[in-house]
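Analysis of the macromolecular model
Listed here are the chains, written in short residue letters.
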Amino acid sequence: MLTSITEGILCCLTGKAASLVLPLESAQPSNGFEFVEVKPGRVLRVRHIVPERPPVVTEEQVAGKEKSYDCEDESSPEDFQNKIDTSSSVHCKRKITVYRNGQLVIENLGDVLHSEILQCQDGDLEPCSTVEVELADYKEMPSSPDPNPVPPPVPPALGEQKPAPPPRRRRRKPKRTVLIDSKRVISSCKGTHSDVALFFVHGVGGSLDIWGSQLDFFSRLGYEVIAPDLAGHGASTAPQIAAAYTFYALAEDLRAIFKRYARKRNILIGHSYGVSFCTFLAHEYPDLVHKVVMINGGGPTALEPSLCSIFQLPSCVLHCLSPCLAWSFLKAGFARQGAKEKQLLKQGNAFNVSPFVLRAMMSGQYWPEGDEVYHAELTVPILLVHGMCDKFVPMDEDQRMAEILLFAFLKVIEEGSHMVMMECPDTVNTLLHEFFLWEPDMSKKDSSKTDTEKTVALTDTHHTLKINMSMDK
């Protein structure tokens, strides 16, 4: 504590930031680590693990398979692959309407995916270690349902005066309407598939080391994994200019990393602030992003820095308060604050950034485009993982995110907190692996449609998601 205060006073006197995060001396790939220059003078450390693939299939084996296809149903392997793609094709159709009073109405008109798909059959997951939050399934609806249905008029009795008709309500004009109508192929992503890549993105104060358990687990299963250090974090360069840590600057860094390592089917896994970057990439590259995992990412609201935050204090003051901030992060980020959690923080190199970088990161979280409509436009399947003991992200924010997204499945880990992937690595790895392997069973599509029509006929209701956007402001 005394050392931190002394260094903070020297920082104020000299005008220089202490404890700068600098890159490692060697820029050569070693032990899966690479250094990528995304911009001149802006270098990010990336851990890239490419597993050994099985031997390539020879032409004779391919010819033998073609003969077997011909003997069975006289169809080529291409036709067989087309059948697989058709069976897992999902119709993504929804209408998003924004009214001038801030009300948001989302109408889901396409296929419905249910949350019972994730059974977590593999791994060491205990039956009671997760709690699933039941959310309303928004079924198929008429093309233009009336939010306020008017009951049919009752005919007057004989001899009674006919009452005056009620005044007609003026039809509200929407401020903005977005119609999404597309097909998406959702397939199982196995470690043996060479066209699958996993991207792991950390949040503020973290590093790629917080994903150590996940990187080792999935690389052993044969997946290609990519995990970068954000600018100013880990062993990446730390520019001494606040503009280098805005959301847009960091998003462009990750765009460059994504374009460099992307395969045909990519899965994005984000934690905390890293979820926003995964959302950005999924929105920018819908054909390349196959699935997304959001771990304690918060609600679907636009980012705006808080003006009354402790991180608005000068960097030298933050440096003096760094021991208190580190203890607060340990207390709020973990369900327990023992020696094991302290060791996890040290091993994960978490919350080990300079005060200047921390202040610039918190002040640069400005992303007005990332509102509820932006998230509602996503058609990619998304798994939401929430730690029940998280003191940074409330439970209702992830619930709201699950309601806004088209295909979202929310899983709650009771014994986890904000750093749930470090506290409960086996549980998180199992959930993620089950989600990677999952693909929708579209054989029940027709039966689900029939059940939906019966439900609508019996209840004479429609399912429309209404959100008052002004309540979050």
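Summarised in this report is the structure supplied together with it. (Residues numbered from 1 in each chain as written. Predicted model: local features only at pLDDT ≥ 70, side-chain atom pairs only at ≥ 80, totals over all residues. Heavy atoms only, no water.)

1. Focus on helix α5 (residues 247-261)
Definition in use: Starting at the N terminus, helices and strands are each numbered in turn, a helix being any DSSP run of H or I of at least four residues and a strand any DSSP run of E of at least two. Under the convention used throughout, the expected extent of a helix is 1.5 Å for every residue step, that is, one less than its residue count. Under the scheme applied here, a residue whose accessible area is under 20% of the maximum for its type counts as buried, over 50% as exposed, and between as partly exposed, the area being computed with a 1.4 Å probe on protein chains only.
Taking 1.5 Å per residue as the helical rise, α5 with its 15 residues ought to reach 21 Å, and the 21 Å between its terminal C-alpha atoms agrees with that figure. By the burial criterion, the buried members of α5 are Phe247, Ala249, Leu250, Ala251, Asp253, Leu254, Arg255, Ile257, Phe258 and Tyr261.

2. Points about the packing of aromatic side chains
Rules: Side-chain rings of Phe, Tyr and Trp, where Trp is taken by its six-membered ring, are said to pair if the distance between their centres is within 6.5 Å; with planes under 30 degrees apart they count as stacked, over 60 as edge-to-face, and otherwise as tilted.
Under the definition given, this model contains 18 aromatic pairs. Their ring planes at 80° and their centres at 5.2 Å tell us that Trp367 and Tyr374 sit as a pair that is edge-to-face. Of the residues examined, Trp367 reaches a relative accessible area of 3% and is grouped as buried. Arranged with centres 5.5 Å apart and planes meeting at 75°, the rings of Phe409 and Trp438 form a pair that is edge-to-face. Here Phe409 is found in strand β12 (residues 408-413), whereas its partner Trp438 is found in the loop between α14 (425-437) and α15 (445-459), with 29 residues between them in sequence. Accessibility assignment for this pair places Phe409 and Trp438 in one class, buried. Clustering of aromatic rings is evident, with ring pairs tying together Phe247, Tyr248, Tyr273, Phe277, Phe280, Trp367 and Tyr374.

3. Quick look at the pairing of strand β9 (residues 265-271)
Basically, it comes down to this: For two strands to pair, DSSP has to find at least two bridges joining them. Seen with its strands pointing away from the viewer, a crossover is right-handed when the path leading from the first strand over the helix to the second is clockwise.
By the criterion of burial, β9 is predominantly enclosed, with seven of the seven residues buried. With burial as the criterion, each face of β9 is covered, one bearing Arg265, Ile267, Ile269 and His271 and the other bearing Asn266, Leu268 and Gly270. Inspection of the sheet shows strand β7 (residues 196-201) paired to β9 by six bridges, in the parallel sense. Its bridge partner being in β9, Leu198 is matched across the sheet by Ile267. With six bridges joining them, β9 and strand β10 (residues 289-295) adopt parallel strand pairing. The residue bridging Ile267 from the neighbouring strand is Lys291, located in β10. In this view, the connection linking β9 to its parallel neighbour β10 by way of helix α6 (residues 274-284) has right-handed handedness.

4. Some words on the layout of surface pockets
Summary: where empty space remains is shown by rolling a probe the size of a single water molecule over the atoms. To be explicit about the condition: Lining residues are those with an atom within 4 Å of a point, where the points come from a 1 Å grid over the protein atoms alone and group into cavities, where a 1.4 Å probe fits but cannot get out, or pockets, open sets with protein on both sides within 12 Å along at least five of seven lines. Grid points are joined across faces, edges and corners, and a volume is the space filled by probe spheres set on the points. Only Asp, Glu, Lys and Arg are considered charged, only Ala, Val, Leu, Ile, Met, Phe, Trp, Tyr, Cys and Pro nonpolar, and every remaining residue, Gly among them, polar.
When its volume is computed, the largest pocket comes out at roughly 1300 Å³. Lining the largest pocket are 50 residues, and of these Leu303, Met362, Gln365, Phe392 and Val393 lie nearest its centre. Elements supplying a minimum of two residues to the lining of the largest pocket: α6, α8 (322-333), α10 (355-363), α11 (372-376) and α12 (395-404). When residues of the lining of the largest pocket are assigned to their parent elements, the largest contribution, four residues, is made by α12. A per-class count over the lining of the largest pocket returns 23 nonpolar, 19 polar and eight charged.

5. Details of the packing of α5 against α6
Our working rule: Between N-to-C directions, angles cover 0 to 180 degrees, with each direction set by a line fitted to C-alpha atoms, over the stretch in contact for helices. The cut-offs work like this: below 35 degrees is roughly parallel, past 145 is roughly antiparallel, 65 to 115 is roughly perpendicular, and the gaps in between are oblique. Crossing handedness: left-handed means the near helix sits turned counterclockwise from the far one by under a right angle, and right-handed means the same turn made clockwise. Throughout, a contact is declared for two residues whenever any of their heavy atoms are within 4.5 Å.
Packing of α5 against α6 leaves a shortest axis separation of 10 Å and a crossing angle of 60°. In this view, α5 runs oblique relative to α6, as classed from their interaxial angle. Where α5 crosses over α6, the handedness of that crossing is right-handed. Across the interface between the two elements, Phe247, Leu250, Ala251, Glu252, Leu254, Arg255 and Phe258 from α5 touch Ser276, Phe277, Phe280, Leu281 and Glu284 from α6. Among the residues forming the contact of α5 with α6, the class breakdown is eight nonpolar, one polar and three charged.

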